[in-house]
Amino acid sequence: MRAFGYTVARDPAGAVRTATNTPNATYVAGGTDLLNLMRDGAEAHDHLIDVNRLNLASITACSGTLRIGAAARMRQVAEHAGVREEFPVLSEALLASASPQVRNMASIGGNLLQRTRCGYFRDAGSACNKRVPGSGCPAITGQNRSHAVLGGSDHCIATHPSDLAVALTALEATVHLLGPGGERAVPIADFYLLPGSTPDQETAMRPGELITRVDVPRTDLAGRSRYLKLRDRATFEFAVVSVAAALRTRGGVVRDVRLAFGGVGTRPWRDTRAEAALRGRPLTPQAIQEAGRLLVADAKPYEGNAFKVELVQRALVSILGELGGLR
Amino acid sequence: MEVEMTVNGRARTVVLEPRVTLLDALRERLGLTGTKKGCDRGECGACTVLVDGERVKSCLTLAVMRQGAEITTVEGLARGDELHPVQEAFIKHDAFQCGACTPGQIMSAVACIDEGHAGSEAEIREWMSGNLCRCAAYQNIVAAVADAAKEVRR
């Protein structure tokens, strides 16, 4: 790693001030992705601002909302009794991520901001429009097994690896930011950007902004949720395809449903068309398959990842079947 | 920068650049080479140590980020000649071949048991999955952890 400066921020406003006034600075919480990005030359920073002493690690249930501090650790959130009971998909997604050691270290905010696993992005010797705008995308005609079939462009087809982000997308969470311009809240549906012609711009965050917390609405639906993660190993591996689903039925008819997908889109992928196709209808394998077909209707497969088009449909059948008591 | 930590019960101070990982600080500056550098990117677990009682991958954190922390490395487990129950179990169950992953496995196992995640073979396999073993001593590692968990519960 190149040398860099390091300071410990004492309060959130101070952290933002330092970030704004220090060239090429970045925040560090757990550091579990950042350190590798710097080692690999995918990112380079001249200054790290430690955000672990800002009192942003609490998990608080308010009426109607669960507030998760951005500096809360993955393990802490996964084990939280309130999270396990009211948002099982969240706990499951976190426990399916990383390893026990990394879950002790990694923060919620950092998890949301982790970068893609695309091998070209993480290899400083490769062309990559995300890392070096305009240099090209070798994945489109090269190794693209872990890449997206939805939401891609001629510039980039990289997926976002966070399981937490997929779960929070299904739960319609809101990301709270503090920046030079003050506080603002961004719905998670708007937080991650499609690559388009600017794959280097991954989120709606502005320079100097710090994630302070994530708010999750407390709903009856959220309590009936699960996370299904399909991957090459039984554990300690990123998703090939994943689904976060929440489902409420009565008398076999779908009252409400939320669906978000990982591994298939260039960002955590919510499909409200597929949800609408299920809402108000009896939950049957046929209905789920129809929703799945809608999900992949605009899918663009590549040589290495075409299997995902079928796999995600099967994953949807599996998870909704389980949630809906069909299996 | 000056970093003060308590390592295996002793107060230690090191002066180093921010980019020095906790792993390198332990091995290169403090001479505690029991902790191993297997991959230096958080994928193998050989660098696992305890920080304030929790298991972490020391290659994935900087020494400067651990100001004031209590660190336990494999060198800090035994009390004199008396091995930790996990160390005893690893010997008893032949839970290592080349030994490269072993300190990380042991530190991870100590915490795994402490966390209450060693209740069954399946649970041990899942909760030890952050530690790889190229010699594939997994079967015996799991047996050792299960045995040590019983010992600790006693």
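In what follows, the structure referred to is the one given above.
An account of the accompanying structure is given in this report. (Residues numbered from 1 in each chain as written. Chains lettered and ligands numbered in written order. Predicted model: local features only at pLDDT ≥ 70, side-chain atom pairs only at ≥ 80, totals over all residues. Heavy atoms only, no water.)

Focus: the overall build of chain A
Here's step 1: Helix and strand content of chain A: 12 helices and 12 strands.
Here's step 2: For chain A, whose C-alpha radius of gyration is 19 Å, the value lies close to the compact-globule estimate of 20 Å for 327 residues.
Here's step 3: Once the C-alpha set of chain A is aligned to its principal axes, its extents read approximately 60 × 50 × 35 Å.
Here's step 4: Counting the 327 residues in chain A, one finds 55% classified as buried.
Here's step 5: Positive and negative charge centroids in chain A, built from 39 and 31 side chains respectively, lie 3 Å apart. (Helix = DSSP H or I, 4+ residues; strand = E, 2+ residues; numbered from the N terminus. Rg over C-alpha atoms; globule rule 2.2 N^0.38 Å. Buried < 20%, exposed > 50% of the residue type's maximum accessible area, 1.4 Å probe, protein only. Lys, Arg positive; Asp, Glu negative; His and termini not counted. Charge placed at Lys NZ, Arg CZ, Asp CG, Glu CD.)

Describing the sheet that holds strand β2 (residues 10-15) of chain B
All names here are of chain B.
Here's step 1: The mixed open sheet is built from 5 strands, whose spatial order is β2-β1-β5-β3-β4. The outermost strands of the open sheet, each flanked by one partner alone, are β2 and β4 (54-57). Direction aside, the axes of adjacent strands within the sheet are offset by 40 degrees on average.
Here's step 2: In terms of strand pairing, strand β1 (residues 2-7) meets strand β5 (residues 70-72) through 2 bridges, oriented parallel. (Pairing = 2+ DSSP bridges. Axes fitted to C-alpha atoms, helices over the stretch in contact; angles between N-to-C directions.)

A closer look at helix α11 (residues 285-295) of chain A
All names here are of chain A.
Here's step 1: Those residues of α11 lying buried are Ala287, Ile288, Ala291, Gly292 and Leu295. Across the axial projection of α11, the buried residues extend over an arc of 140 degrees, all falling on one side.
Here's step 2: Buried residues belonging to α11 abut β11 (253-262), β12 (269-270), α10 (272-278) and α12 (307-323). (Arc of directions from axis to C-beta. Contact = heavy atoms within 4.5 Å.)

Some remarks on the environment of Ala148 of chain A
Residues and elements named next belong to chain A.
Here's step 1: Residue position: Ala148 is located in the loop between α7 (108-112) and α8 (163-170).
Here's step 2: A C-alpha to C-alpha distance of 22 Å links Ala148 and Arg226, two positions 78 residues apart in sequence.
Here's step 3: If near-sequence neighbours (up to four positions away) are discounted, Ala148 is found in contact with Ile157, Thr159, Val264, Gly265, Thr266, Lys300, Tyr302 and Asn305.

Let's talk about the interface of chain A and chain B
Here's step 1: Each partner contributes to the interface: chain A provides 32 residues, whereas chain B provides 32 residues.
Here's step 2: Both sides together, the interface formed by chain A and chain B hides about 2600 Å², and carbon and sulfur atoms give 55% of it.
Here's step 3: On the chain A side of the contact with chain B, Tyr6, Gln101 and Met105 of chain A bury the most area, a combined 23% of that side's loss.
Here's step 4: Across the contact surface, chain A and chain B share 3 salt bridges.
Here's step 5: Asp40 of chain B serves as the salt-bridge partner of Arg39 of chain A, at 3.4 Å between the closest nitrogen and oxygen.
Here's step 6: Across the contact surface, chain A and chain B share 13 residue pairs in polar contact (both at pLDDT 80 or more).
Here's step 7: Of all the secondary-structure elements, those providing two or more residues to the side of chain A that touches chain B are β1 (5-8), α2 (34-39), β3 (47-50), α3 (74-79) and α6 (100-105) of chain A.
Here's step 8: Residue contributions to the side of chain A that touches chain B peak at 6 residues, all from α6 of chain A.
Here's step 9: In terms of residue class, the side of chain A that touches chain B is made up of 13 nonpolar, 10 polar and 9 charged. (Buried area = accessible area lost by both parts, 1.4 Å probe. Salt bridge = Lys/Arg side-chain N within 4 Å of Asp/Glu carboxyl O. Polar contact = N/O pair within 3.5 Å; in protein donor to acceptor, adjacent residues only side chain to side chain. Nonpolar A, V, L, I, M, F, W, Y, C, P; charged D, E, K, R; others polar.)

Quick look at a nonpolar patch on the surface
All names here are of chain B.
Here's step 1: Together, Leu83, Ile91 and Phe96 give the surface a local cluster of nonpolar side chains, amounting to about 240 Å² of exposed area.
Here's step 2: Structurally, Phe96 can be placed in the loop between α2 (85-92) and α3 (102-115).
Here's step 3: With relative accessibility at 33%, the residue Phe96 sits in the partly exposed group. (Patch = residues over 30% accessible without salt bridge, like charges linked within 9 Å, V, L, I, M, F, W, Y side chains within 5 Å. Areas by Shrake-Rupley, 256 points an atom, 1.4 Å probe, with all protein chains shown as cover.)

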